[in-house]
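# Observations on the model geometry
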Amino acid sequence: MAAGAPSPGLRCQPRRGAAGAAEPGLPPAAPPPAAGPEGTERRPGIGTGPGNRPRGARPRRHAAVPGAVGRAGARRAVSGRGGPASPRARSTAPAMDSDAARLLDAAEFAAQKHREQRRKDPEGTPFINHPIAVARILACEAGVTDIELLQAALLHDTVEDTDTTFAELEARFGSAVTGLVREVTDDKELPRAERKRLQVERAPGRSPRAKLLQLADKLHNLRDIARCPPAGWSPERVQEYFRWAAQVVSGLRGTSPALEAALERLWGERGAGPALEPAPGPAPGTGGRAGRDSQ
């Protein structure tokens, strides 16, 4: 085989000389691409519009269109990553635009106010257990979905047993919730026996929602006393409390069949059924308590 001849079965690539000129016998090379206005390479047959950027050219920044959102911006809007925060995200005030938020706000407020208090049972149960249980009775046993009533249940002892004021409640929770708390709050300036008498006397005139709240309050107190009486309470004193509670509930009848039936069962177990009708005169039981109604 002659020197420099191509091997059989192999195809030789044409060699080019200077400036891309082909050697004799080879087809002429294609001319180099024309330079664009800025010296950039322009590909033949391709325009220079926004969708056909010349190779090597930097992308042009387009003017912002008000209200326009690109693909990346749309992804950020959905995922919540990047981009300017919405007014709600920037706000540091608590968002009370849902029932759950309003209910939890009342629970947190009550927990802070009652944080140093305990019930008078031998176990020293945290006092906050009581308003939470009252709210649960309303929701789970009476079927209450009224958020204002459930908030009032959580807050119903804050004015009576802590340094909370009605003005403070109204500023944070509104007049409707505060009005319910006011209806079931005893005046601590009065003697205990007088406060108990007034509960019996005023029960029939309470609003329907306040009656529901007082029924749930009485039901939880009675269950708690039956389960674990306050330290130092004799069986006679427990029975006395059950009879007084029955007098109060007599003025609340016709409000919640479910709660009234639960109270009837408790009185039946304690033998307090005969005292379901209101009795004249001051109610018995003037001993100490933690929270409402001697318990």
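Residues numbered from 1 in each chain as written. Predicted model: local features only at pLDDT ≥ 70, side-chain atom pairs only at ≥ 80, totals over all residues. Heavy atoms only, no water.

Moving on: the overall build of the protein chain. Counting secondary structure elements, the protein chain contains 12 helices and zero strands. Tracing the protein chain from N to C terminus, the helices and strands come up as α-α-α-α-α-α-α-α-α-α-α-α. Here the protein chain holds 295 residues, and the buried ones make up 36% of them. Residue pairs at least 24 apart in sequence account for 66% of intrachain contacts in the protein chain once pairs closer than 6 positions are excluded. For the protein chain, the computed accessible surface area is about 17500 Å², with 54% contributed by carbon and sulfur atoms. (Helix = DSSP H or I, 4+ residues; strand = E, 2+ residues; numbered from the N terminus. Buried < 20%, exposed > 50% of the residue type's maximum accessible area, 1.4 Å probe, protein only. Contact = heavy atoms within 4.5 Å. Areas by Shrake-Rupley, 256 points an atom, 1.4 Å probe, with all protein chains shown as cover.)

With that settled, the discussion passes to helix α11 (residues 235-250). Helix length check: α11, at 16 residues, gives a terminal C-alpha distance of 23 Å against a target of 22 Å (1.5 Å per residue), a fit within 8%. For α11, the full list of buried residues reads Val238, Gln239, Tyr241, Phe242, Trp244, Ala245, Ala246, Gln247, Val248, Val249 and Ser250. (Expected span 1.5 Å × (residues − 1).)

At a minimum axis distance of 7 Å, the contact between helix α9 (residues 192-202) and α11 shows a crossing angle of 35°. Facing Lys196, Gln199 and Val200 of α9, the residues of α11 in contact are Tyr241, Trp244, Gln247 and Val248. In terms of residue class, the contact of α9 with α11 is made up of four nonpolar, two polar and one charged. (Axes fitted to C-alpha atoms, helices over the stretch in contact; angles between N-to-C directions. Nonpolar A, V, L, I, M, F, W, Y, C, P; charged D, E, K, R; others polar.)

Turning to the nonpolar core, a few remarks are in order. Nonpolar side chains in soluble globular proteins generally cluster together in the buried interior. Within the largest apolar cluster, 48 residues are counted, with the highest numbers of intra-cluster contacts made by Leu138, Leu155, Leu213, Leu222 and Leu259. Counting only elements with at least two residues in this core, the list comes to α3 (99-113), α4 (129-141), α5 (147-155), α7 (166-173), α8 (175-183), α10 (208-227), α11 and α12 (257-270). With residues near it in sequence (within four places) discarded, leucine 213 still touches Val134, Leu138, Leu149, Ala152, Ala153, His156, Leu180 and Val184. (Core = buried A, V, L, I, M, F, W, Y, C linked by side-chain atoms within 4.5 Å.)

Turning to the packing of aromatic side chains, a few remarks are in order. This structure, assessed with the given rule, holds three aromatic pairs. Measuring from ring centre to ring centre gives 5.3 Å for phenylalanine 109 and phenylalanine 173, while their planes differ by 85°; the resulting arrangement is edge-to-face. Of this pair, phenylalanine 109 sits in helix α3 while phenylalanine 173 sits in helix α7, placing them 64 residues apart in sequence. Given a relative accessible area of 6%, phenylalanine 109 falls into the buried group. Among the residues examined, phenylalanine 173 registers a relative accessible area of 11% and is labelled buried. Summarising the aromatic geometry, the rings of tryptophan 233 and tyrosine 241 are spaced 6.0 Å apart at their centres and angled 55° between planes, so their arrangement reads as tilted. Residue class for tryptophan 233 comes out buried when judged on its relative accessible area of 12%. A cation over an aromatic ring shows up here: arginine 182 above the ring of phenylalanine 166, its NZ or CZ 4.0 Å from the ring centre. Seen from the ring of tryptophan 244, lysine 196 lies directly overhead, with NZ or CZ sitting 3.7 Å from the centre. (Phe/Tyr/Trp six-rings, centres within 6.5 Å; stacked < 30°, edge-to-face > 60°. Lys NZ or Arg CZ within 6 Å of the ring centre and 35° of its normal.)

With that settled, the discussion passes to the pattern of salt bridges. The full count for this structure, using the stated rule, is 17 salt bridges. We note a salt bridge from lysine 188 to aspartate 161, for which the minimum N-O separation is 3.3 Å. Of the two residues, lysine 188 sits in the loop between α8 and α9 while aspartate 161 sits in helix α6 (residues 158-161), which places them 27 residues apart along the sequence. For lysine 188, a relative accessible area of 41% puts it in the partly exposed group. Each member of the salt-bridge network shares a partner with another, and the members are Arg119, Asp121, Glu123, Asp224 and Arg227. (Salt bridge = Lys/Arg side-chain N within 4 Å of Asp/Glu carboxyl O.)

Right, let's talk about α12 for a bit. Helix length check: α12 (14 residues) gives 20 Å between terminal C-alpha atoms against 20 Å at 1.5 Å per residue, within 8%. If you follow the buried residues of α12, they end up packed against α4, α10 and α11. Trailing α12 by a residue or two, glycine 271 shows a phi angle of about 70°, which is positive.

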